[in-house]
2 protein chains.
Amino acid sequence: MPRFTEFETYDVRFPTSLDLDGSDAMNTDPDYSAAYVILRTDAGDGLEGHGFAFTIGRGNDVETAAIEALRDHVVGLDLDATLSDLGGFWKSLVHDSQLRWLGPEKGVMHMAIGAVVNAVWDLAAKRAGVPLWKLLSDLTPEQIVDLVDFRYLTDALTPEDALEILRQAKPGRAEREAVLRERGYPAYTTTPGWLGYDDAKLVRLCHEAVADGFTQIKLKVGANLDDDIRRMQLAREAVGPDIRIAVDANQRWDVAEAISWVEALAPYDVYWVEEPTSPDDILGHATIARAIAPIKVATGEHVQNRVIFKQLLQAGSLSVLQLDSARVAGVNENIANLLLAAKFGVPVCPHAGGVGLCELVQHLSMFDYVAVSGSMQDRVIEYVDHLHEHFLDPVVIRDGRYVAPVRPGFGAEMDAETLTDFRFPGGKIWTDLTEEKK
Amino acid sequence: MPRFTEFETYDVRFPTSLDLDGSDAMNTDPDYSAAYVILRTDAGDGLEGHGFAFTIGRGNDVETAAIEALRDHVVGLDLDATLSDLGGFWKSLVHDSQLRWLGPEKGVMHMAIGAVVNAVWDLAAKRAGVPLWKLLSDLTPEQIVDLVDFRYLTDALTPEDALEILRQAKPGRAEREAVLRERGYPAYTTTPGWLGYDDAKLVRLCHEAVADGFTQIKLKVGANLDDDIRRMQLAREAVGPDIRIAVDANQRWDVAEAISWVEALAPYDVYWVEEPTSPDDILGHATIARAIAPIKVATGEHVQNRVIFKQLLQAGSLSVLQLDSARVAGVNENIANLLLAAKFGVPVCPHAGGVGLCELVQHLSMFDYVAVSGSMQDRVIEYVDHLHEHFLDPVVIRDGRYVAPVRPGFGAEMDAETLTDFRFPGGKIWTDLTEEKK
């Protein structure tokens, strides 16, 4: 009986703060980082499970320590038994009677569970010889429901509701899979809009985005209103009237300020406003959503778990649900989030960017299209052109769309050289920077 | 100019799971633990700041690592400048542009900030030569407002609202301080009601609680309805009709189950039901509160920050606010929570127990009485008779009331011997247990 035998962690950081890539109103100087885990087995097939939590620098060591705390929950487990009951495996981590105190189901510990759960899914897909989206899309509705923990959800979504959603989507699976393989999945780009970029760079990147086939771009806002109005105007002139422009405040505002700020940008046709206030403020988001309609509210990259998503949907706090592949407890919890969105008829437009988030989250949107919502209408996956070169199977964007990946796994695997060179603080990149005193 | 010079952390754990003290429906086998920090300075007065985050065992190493991640935020700081702007110090930790990704403002990282903030307050009170409750109670309304971060609160509580609440309470401060010193602050006891105790022990401890002068007790519920009905009936018979009995489900239920379970216990006169469902479920708590009234809903020990408390109050989700001294980001955030409760006219009945939570939280309730709400009406601090012997200044309970502490500081300081013997995994207690293979 093959077992999980090794559990290896890495604190990997990229010195992105040097160029202000990824700069926004709240996260002014990120060093994109990954608390990374590799799982190995004695199955003899040489396959490994890779997963990670994404952070933006300081504290990536804490996140790595949290992943380490799960070692004994994995090493020694029977491989086949685990892979055949990934719903049970998820619960064994999330409901650990002592670890749960550190959340429950939020923050450092929950993200660590997400990294490990995603690593196990990576291995599962590799063993099945298919990309994760395909593995999930071929499960029966009953198998999918078994992956989800409905605790705290049943006032909004029961297992029976979920089964109905999945059964309704079943007949069209093959046809949609063919469409997906042929045409890919729509993307939008955040590349033009970082706060640290000057006007000329903004305009140039806006033109490039349109030329590259994107139909939606996103600007970071929230630091200075006059700057935001000017940048919004420049962007609108650059892309023309037919391209959607979303704005992203990264939690900068209180409720009243959010409403007045968005109203000031509205003349330039804002499609959605993202993270207008605290990601914890369900009622605040609802107040903002009512005030700024028909401009949409989007949020999710910092939403800690399915219980908050449930309430954001119940309260009408959002019109666009932005799940994140590495914030909640991995694939299983994101299946719950996709089912909740489908129940409420809200499109999912995932958060991505960072390190490897594009590589991961495309699988979830593609699974959603084939087997859950069955639609690409008003659905786009965020795309940012950073750091893809560090992955074995980087995303491919063609004509503003994600090309469906074909390589087996979840896309989480970084190059071995990257894991060594960018390891913090001892990797080559960091020791070189220390010598330069940057 | 004196500075902070040393920052020492300890992973301290008590093997409480051996006796099932502290067992409830979700936390079945806790080993009460503290991720502990000591701050030292070169002021030459020998005074130290002590603080900790409370956990229940596994993961206390992760929590300790999170506290360690704050070392560079403290060591080297000017002592007097820091102590004279503790509102600014709080923001420098909570809004660190990289660390905030690990929350924001929740879970492991936020609790770590709470430990450090509380340690600095411990030192501030020691340097002032007064207990913390007295230090806070002597601040002007303007000084108190400066300690609070109103970000994300202003749709419910503005700085002006807070000033008005504090100014209204100002005239009666001296009189209430005298009452507090003479009569103490009311307590209730959870000692009888742990799930791991048998019926005979439950009844015996109920009788003892009444004999000791308590007017409220609390039972853990949620594992088995028939058991809960039997235990509730036994407890009611033991204490008589005039003692309040609260029940605590520790997040066990979904919304519908919470309502039906509480209705089954209602004939035995339930005063409040605590943590009926996920601490993240603001809307779920509101639904439960409407359904079970006039039985009250109480929650707070797992409420991650002031933004959730704000919404619980806005939505009418609770009638009893149970702040915790070591879950949110320390004294400053709990002042925000006290002000929010005062604004909404909801009594604060803090969560305590664990390790040292009674020692800490009494200061916050006493400050609330003297300078914020100005009332003890329907207000009680939880009391559990565990592990007080490990503290330099353990709480004193007389006739069912907390006696106001007089020793300078925040009460957080453990005996040096405890820090050594219970250190995990190398302390004497743990190496002995390992030898016994327990």
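What counts and how
Residues numbered from 1 in each chain as written. Chains lettered and ligands numbered in written order. Predicted model: local features only at pLDDT ≥ 70, side-chain atom pairs only at ≥ 80, totals over all residues. Heavy atoms only, no water. Salt bridge = Lys/Arg side-chain N within 4 Å of Asp/Glu carboxyl O. Helix = DSSP H or I, 4+ residues; strand = E, 2+ residues; numbered from the N terminus. Buried < 20%, exposed > 50% of the residue type's maximum accessible area, 1.4 Å probe, protein only. pLDDT = per-residue confidence, 0-100. Contact = heavy atoms within 4.5 Å. Pairing = 2+ DSSP bridges. Axes fitted to C-alpha atoms, helices over the stretch in contact; angles between N-to-C directions.

A.B. asks: For this particular structure, what's the right way to read the pattern of salt bridges?
C.D. replies: A side chain of one charge can pair with a side chain of the opposite charge if their charged atoms are brought near each other. All names here are of chain A. In total, this model carries 68 salt bridges over all chains according to the counting rule given. A salt bridge links aspartate 80 to arginine 127, with the shortest nitrogen-to-oxygen separation between them at 3.5 Å. You can see aspartate 80 sitting in helix α3 (residues 79-83) and its partner arginine 127 sitting in helix α5 (residues 107-128), a full 47 residues away along the chain. You can call arginine 127 partly exposed: its relative accessible area is 32%. Arginine 306 serves as the salt-bridge partner of glutamate 105, at 2.4 Å between the closest nitrogen and oxygen. Placement of glutamate 105 in the loop between α4 (86-94) and α5 and of arginine 306 in helix α14 (residues 306-314) is noted, with a sequence separation of 201 residues between them. Members of the salt-bridge network, linked through shared partners, are Lys218, Lys220, Asp248, Glu274 and Glu382.

A.B. asks: Please explain the confidence of the model for chain A as it appears in this structure.
C.D. replies: Where the model shows low pLDDT, its predicted coordinates should not be examined in detail. Summarising the model, chain A shows a mean pLDDT of 96, and 99% of its residues fall at 70 or more. What the predictor reports for the complex is a pTM of 0.97 with an ipTM of 0.97.

A.B. asks: Help me understand the environment of B:Glu333 in this model?
C.D. replies: In this structure, B:Glu333 sits in helix α15 (residues 330-344). As a C-alpha pair, B:Glu333 and B:Asp149 span 184 residues in sequence and 7.6 Å in three-dimensional space.

A.B. asks: How do you make sense of the environment of B:Ser365 when you look at a structure like this?
C.D. replies: Residues and elements named next belong to chain B. Looking at where serine 365 falls in the secondary structure, it is placed in helix α16 (residues 357-372). Separated by 288 residues in sequence, serine 365 and leucine 77 have C-alpha atoms that sit 30 Å apart. Filtering out sequence-adjacent residues up to four positions away, serine 365 remains in contact with Tyr185, Pro350 and Ile381.

A.B. asks: Whenever I open this one, the sheet that holds strand β3 (residues 49-55) of chain A confuses me. Can you help?
C.D. replies: Hydrogen bonding along the main chain pairs the strands of a sheet, whether they run parallel or antiparallel. All names here are of chain A. Strand order in the open sheet formed by three strands is β1-β2-β3, and the pairing between neighbours is antiparallel. A single partner strand is all that each edge strand has here, and the edge strands are β1 (4-13) and β3. Within this sheet the neighbouring strands show an average axis-to-axis angle of 15 degrees, counted without direction. In terms of strand pairing, β1 meets strand β2 (residues 33-41) through nine bridges, oriented antiparallel.

A.B. asks: Where do I start with unusual backbone geometry in this structure?
C.D. replies: For the peptide bond that leads from A:Ala293 to A:Pro294, omega is 10 degrees, which places it in the cis range. Structurally, A:Pro294 is set in the loop between α13 (282-292) and β8 (296-299). In the segment running from B:Phe424 into B:Pro425, the intervening peptide bond is cis, with an omega of 0 degrees. With respect to the helices, strands and loops of the structure, B:Pro425 is situated in the loop between α17 (416-421) and α18 (428-436). Residue A:Asp269 is not a glycine yet carries a positive backbone phi of 65 degrees. Topologically, A:Asp269 is positioned in the loop between α12 (255-265) and β7 (270-274). By relative accessible area, which is 44% here, A:Asp269 ends up partly exposed. Positive phi, close to 65 degrees, is recorded for B:Leu387, a residue that is not glycine. Inspection of the secondary structure puts B:Leu387 in the loop between β10 (381-383) and β11 (397-398).

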